[in-house]
Each structure stands twice: as C-alpha cells, then as structure tokens.
Amino acid sequence: MANIAKEIKSQQKRWARAQGIDLDDQGYCLKLEDNLFWQYINPETRDEIARGYRRELTGKEGRQEYMYAPHGSMALACNFFDYWRYGKDAAPLAYALGVSKVSSICFREKFRTGLPGKPPHASVVLHLASGKLLAIESRFTERFSSPKKNPLGKSYFSDGKEPWRQAGLPCCQELAENLSDGHRDVAHILRHMLGLANSGKNWQMLYLWFDPGGAESKIHQEEIDEFINAIKSDGEKFRAMTYQSLFDRMSEVLDTSHEKYRKYLKERYFRHR
C-alpha cells in the first residue's frame, strides 16, 4: 500500500510543478498559499488549525509542516470546505453530503472524552441548522502509507472503565476491547466517537477518504464495511464516503459562479473523474 501513497504524492508534485510552485527536498510547498485554493485561507480557519495538537502550520524553527504538503489531508480538507465557510450558500455541499442546511463550518474542533489526555479533534465539523453535528475525519494518503501501531491507551480501560458503553455505544465498547495494536484508523475513529458521544449533541461522524482505485481501495472499502457492520446496533452514528463521490455529487448542482473552485479541485485532485 505504500506504493499507492507514493503515487498520490507523485501526482501532487506533478500538479505543483505544472503550476510553477516551488517545493523543498521533502516535496513540501515553500509557501503555504501555494498549497491552497486561490492562495487564501480564512483567518479563523488558520487560527483553528494552528490551535490543533499537531504542528500543521509551523514547526520548530519555522520549519514547514503538514499544511505545506501537497499530499496532506488537512490541505485537502481546507481546499474542499474552507471555500464554503463565509459569504456563500453551502446548499451544494449540504446536498452532496446528504445533510440539512449548514449553519457553520469549523476546523479542528475538540470533543472531550471524559478521560485524561488530549481530547480528539475532528478535521472539519459542520454545524447543521437542525442542531446536529457532522464531524468529518479527512484521509488522503494516510491509509495507504506504512501502517503504524496506535492502540487505545490504558486510561480507556483502567479500573473497569467502559466509557463507550456508558456513552451509549456498547458495540464500540466491545470493538475497543478486542482491538489489536495495528488498527490505527479504528482506534482513532473510536476516540472521536467517544468524544462526540460525550458532547451532549446529536451527532454523526463521517469518514471521508480519497479513493485512488485498485485492489487496495477495494480492501479498504471492505474494512470500512466491516467496521460499520460491527457497530450498526449503536445507531447510525458513523458513515463513510469517498472524496471522489462527494466531488461528483457536488458538481451536479454547482452553477457557473463556482467554476474556478470546481476546476481547481478537479484539476488538482480529480482529473480522472
């Protein structure tokens, strides 16, 4: 699967070079604006990302971080969602996501689990007019990179704790208790769902992933289906969608006033659609 991630990174490098964008020896943009639609990011979006736990904007000694990476999932999320944040009717986005009217959009919103440690923070959160939250976890190359172990910490299970069951997610509790070390994405999703369940809000989590096609994508879709089946009795709290499907559905209803935005996304991420 590492070869898939490498190919996506190569595609993004080719896009950057075609735009005359300078990259460093790691393939990162030298300037943040070069990695963003219309070379712009809303100030509030920038501040929200900067308050996240990862050094996504500026690392030690001013070194470029993940928001500078053409293959970065947060850059993809910003290029897709930040456009709709102010001054635009987000009806096309709501239609594509299959949700009610979008009241507001924010990035890296934190949801406390009730346990020690840093609370999880979603890539993007849509606050809907109905009062419901749609928390989106964005994935680009991560699933197709070398797997890393990321087990749930002992604090989730110490002293007989059953935090998911107490939050009304018994199937998630059972899955968490039987999770192996290698299930990085599953552990990450379970943390997010626990935080959302403790928010006091009506919520749903969307796993939004980039589908490069091929056998690896088929395997990942099977993994997603297996996860959904394992927790289905907890209610419709989780669903998944590809960025490609989201782009296609949104494109159905975009008028010409959004043509620069649509063209940017298509040429950069979805050229084969």
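Cut-off values and rules
Residues numbered from 1 in each chain as written. Predicted model: local features only at pLDDT ≥ 70, side-chain atom pairs only at ≥ 80, totals over all residues. Heavy atoms only, no water. Phe/Tyr/Trp six-rings, centres within 6.5 Å; stacked < 30°, edge-to-face > 60°. Helix = DSSP H or I, 4+ residues; strand = E, 2+ residues; numbered from the N terminus. Buried < 20%, exposed > 50% of the residue type's maximum accessible area, 1.4 Å probe, protein only. Lys NZ or Arg CZ within 6 Å of the ring centre and 35° of its normal.

(A) View of the packing of aromatic side chains. In the structure shown here, the tally under the stated rule is 20 aromatic pairs. Note on Phe37 and Tyr83: the rings are 5.7 Å apart at their centroids and 70 degrees apart in plane angle, and the pair reads as edge-to-face. Highlighted residues: Phe37 in the loop between α1 (2-18) and α2 (43-50) and Tyr83 in the loop between α3 (73-81) and α4 (91-97), separated in sequence by 46 residues. An identical accessibility class is assigned to Phe37 and Tyr83; each is buried. Measuring from centroid to centroid gives 4.9 Å for Phe227 and Phe238, while their planes differ by 75 degrees, and the two rings are edge-to-face. In this pair, Phe227 is assigned in helix α8 (residues 215-231) and Phe238 in strand β5 (residues 238-242), connecting sequence segments 11 residues apart. The burial state of Phe227 is the same as that of Phe238; both residues are buried. Three or more aromatic residues link up through ring pairs in this structure, and these residues are Trp15, Phe37, Trp38, Tyr83, Trp84, Tyr261 and Tyr264. Positioned above the aromatic ring of Trp203, the side-chain terminus of Lys237 is 4.9 Å from the ring centre.

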